[in-house]
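# Coordinate inspection notes
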Amino acid sequence: MSRAFSSLVLALCLTLFAVQGHAAELVDKVVAVVNGQLITLFELNTKVDKFLSQNQGISITSKDPEYVELQRRILESMVNDILMKQAAAKLGITVSETDINTNNNEIKKQNGFNEEQFRKQLAQEGLTRQEFEKSMETDALKQQLVGYMINKRILITEDEMRQYYEKSGGDIPDPKASLTRRTPGSIGFIMVGSMAEAQDLRQKISSGKLSFADAARKHSIGPGKEQGGDLGGDVAVEDLAPPLRKALQDAPAGQVTAPVAMDGKAVLLIRKDKTGAPATHEEPAAPAAASKSFEQAKEQIQEILFHAKFEKLFQEYMGTLRSKAVLDVRL
């Protein structure tokens, strides 16, 4: 082999190793340090990819400006999880495997699931059993931490429950419909097979013949179907694909958007207020036939309002933890 050719091969190899080293550096880049514990870019992007795969109404790629904002929001959640687990460890708060199994059995009992049905429901929600149990462990730690540190009983009054019921028009999302008990969001989402079907549903919803939630449960083939089209508290308007975002921004508050074509299907959206009811200043329409009476919905309303108040207290506690922590966020 000539010396010139050998030099060329060596130069190419060095270049290749440099590129590979740079790629590894990008993947393993540290994006945050939380009291000495690292979060890498690979860990963050894995979480982002999982979030996107579970929310098919969101169409964001790594080249979109919205992707960075989504990364920041998920990174903030990861930082909070680490702070929470560090605080729990200092206080000696743990969640055992027995606790997790007991919780799983209780959830199966509440939903009338056997083991096979339980696994099937997890798959429909885009979760592995390991991911679900990790989520339940996090929730259990949150409950114990708030109880230990705040020591404050959360009260839900009859007036609060009636106000929520009236705003919702009797259309109450079932907290048990999702195994993860996710926080109700501000966006309603329905996906159907054709624009004609979407137009028909929109007309029925707008005329009061059918509530948005009932339409989602009966006809939607998109995310949040079992929750009445609720995309969940983690999904913001900014996360939606541009055509969906524009349709939602153009529609008056509390009114169903015009159908939007998306991947050969059609989507309807609605913006809700903080109670989870349609965001409208008009008097609530009479509940649809499928809606529940106040007494029938009372337990569900209490659980929804309790969760909202609990989350507020927990976020205040997390703010205290963050103010005392040594944080280095590099994204």
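Residues numbered from 1 in each chain as written. Predicted model: local features only at pLDDT ≥ 70, side-chain atom pairs only at ≥ 80, totals over all residues. Heavy atoms only, no water.

### Focus on the overall build of the protein chain
- Summing up its helical and strand segments, the protein chain has 11 helices and 6 strands in all.
- Burial statistics for the protein chain: of 331 residues in total, 40% are counted as buried.
- A separation of at least 24 residues holds for 74% of the contacts in the protein chain among residues at least 6 apart in sequence.
- In the form shown here, the protein chain has an accessible surface area of approximately 18900 Å², with 54% of it arising from carbon and sulfur atoms. (Helix = DSSP H or I, 4+ residues; strand = E, 2+ residues; numbered from the N terminus. Buried < 20%, exposed > 50% of the residue type's maximum accessible area, 1.4 Å probe, protein only. Contact = heavy atoms within 4.5 Å. Areas by Shrake-Rupley, 256 points an atom, 1.4 Å probe, with all protein chains shown as cover.)

### Details of the packing of aromatic side chains
- A complete count under the given rule lists 4 aromatic pairs for this structure.
- Judged by centre distance (5.7 Å) and plane angle (80 degrees), the ring pair of tyrosine 165 and phenylalanine 294 falls under edge-to-face. Of this pair, tyrosine 165 sits in helix α7 (residues 158-168) while phenylalanine 294 sits in helix α11 (residues 294-324), and the two are 129 residues apart along the sequence. One exposure class covers both tyrosine 165 and phenylalanine 294, and it is buried.
- Look at phenylalanine 310 and phenylalanine 314: their rings are 6.4 Å apart centre to centre, the planes differ by 5 degrees, and that puts the pair in the stacked class. (Phe/Tyr/Trp six-rings, centres within 6.5 Å; stacked < 30°, edge-to-face > 60°.)

### Considerations on the pattern of salt bridges
- In this structure the tally under the stated criterion is 14 salt bridges.
- With a closest N to O distance of 3.1 Å, arginine 129 and glutamate 133 form a salt bridge. In this pair, arginine 129 and glutamate 133 both sit in helix α6 (residues 129-149), 4 residues apart, roughly one turn of the helix.
- Between lysine 309 and glutamate 160 there is a salt bridge; the shortest N-O distance is 2.9 Å. Taken as a pair, lysine 309 in helix α11 and glutamate 160 in helix α7 lie far apart in primary sequence, 149 residues in all.
- A network of salt bridges, in which partner residues are shared, links Lys108, Glu115, Arg119, Arg129 and Glu133. (Salt bridge = Lys/Arg side-chain N within 4 Å of Asp/Glu carboxyl O.)

### Let's talk about the pairing of strand β2 (residues 37-40)
- Relative to β2, strand β1 (residues 30-34) runs antiparallel, the two sharing 4 bridges. What sits directly across from valine 30, in β2, is threonine 40.
- If you look at the hairpin formed by β1 and β2, you'll find 2 residues sitting between the two strands, and asparagine 35 has a positive phi there, around 50 degrees. (Pairing = 2+ DSSP bridges.)

### Considering helix α5 (residues 115-124)
- Of the residues making up α5, those classed as buried are Phe118, Gln121 and Leu122. All buried residues of α5 project into a common sector of 100 degrees when viewed along the axis, lining one side. Residues of α5 that are exposed and point more than 90 degrees away from the buried face comprise Glu116, Lys120, Ala123 and Gln124.
- Between the side-chain oxygen of the N-cap and the backbone nitrogen of glutamate 116 there are 3.1 Å, and the N-cap of α5 in question is asparagine 114.
- Looking at the residues trailing α5, positive phi occurs at glycine 126, about 75 degrees. (Arc of directions from axis to C-beta. Polar contact = N/O pair within 3.5 Å; in protein donor to acceptor, adjacent residues only side chain to side chain.)

### Section: the sheet that holds strand β5 (residues 265-271)
- Spatially, β3-β5-β4 is the arrangement adopted by the 3 strands of the open sheet, whose pairing is antiparallel. Looking at the sheet topology across the chains shown, the edges are occupied by β3 (187-192) and β4 (260-262). Averaged over all pairs of adjacent strands, the angle between strand axes in this sheet comes to 35 degrees, irrespective of strand direction.
- Pairing of β3 with β5 involves 6 bridges; the strand directions are antiparallel. For phenylalanine 189, the partnering residue across the bridge sits in β5 and is leucine 269.
- Where helix α10 (residues 242-250) meets the sheet, its contacts fall on β3, β4 and β5, and the angle it forms with β5 comes to roughly 40 degrees. (Axes fitted to C-alpha atoms, helices over the stretch in contact; angles between N-to-C directions.)

### Quick look at the side chain of threonine 138
- As for its placement among the helices and strands, threonine 138 is situated in helix α6.
- A relative accessible area of 12% means that threonine 138 is categorised as buried.
- Contacts of threonine 138, omitting those with residues within four sequence positions, involve Asp81, Met84 and Lys85.

### Some remarks on the sheet that holds β2
- The strand order β2-β1-β6 describes an open sheet built from 3 strands, whose pairing is antiparallel. Each of the sheet's edge strands pairs with one partner strand only, and the pair in question is β2 and β6 (327-329). Averaged over all adjacent pairs, the angle separating strand axes in this sheet is 20 degrees, with direction ignored.
- Bridge count between β1 and β6: 3 bridges; the pairing is antiparallel. Among the inter-strand pairings, valine 34 is bridged to a residue of β6, identified as leucine 327.

### Remarks on the confidence of the model for the protein chain
- On average, the protein chain scores 77 in pLDDT, and the residues at 70 or more come to 77%.
- Counted against residues more than four places away or in other chains, residues 2-26, with its pLDDT under 50, gives 2 contacts.
- In this model, residues 278-290 is a region of pLDDT below 50 whose contacts with residues beyond four sequence positions or in other chains number 21 contacts. (pLDDT = per-residue confidence, 0-100.)

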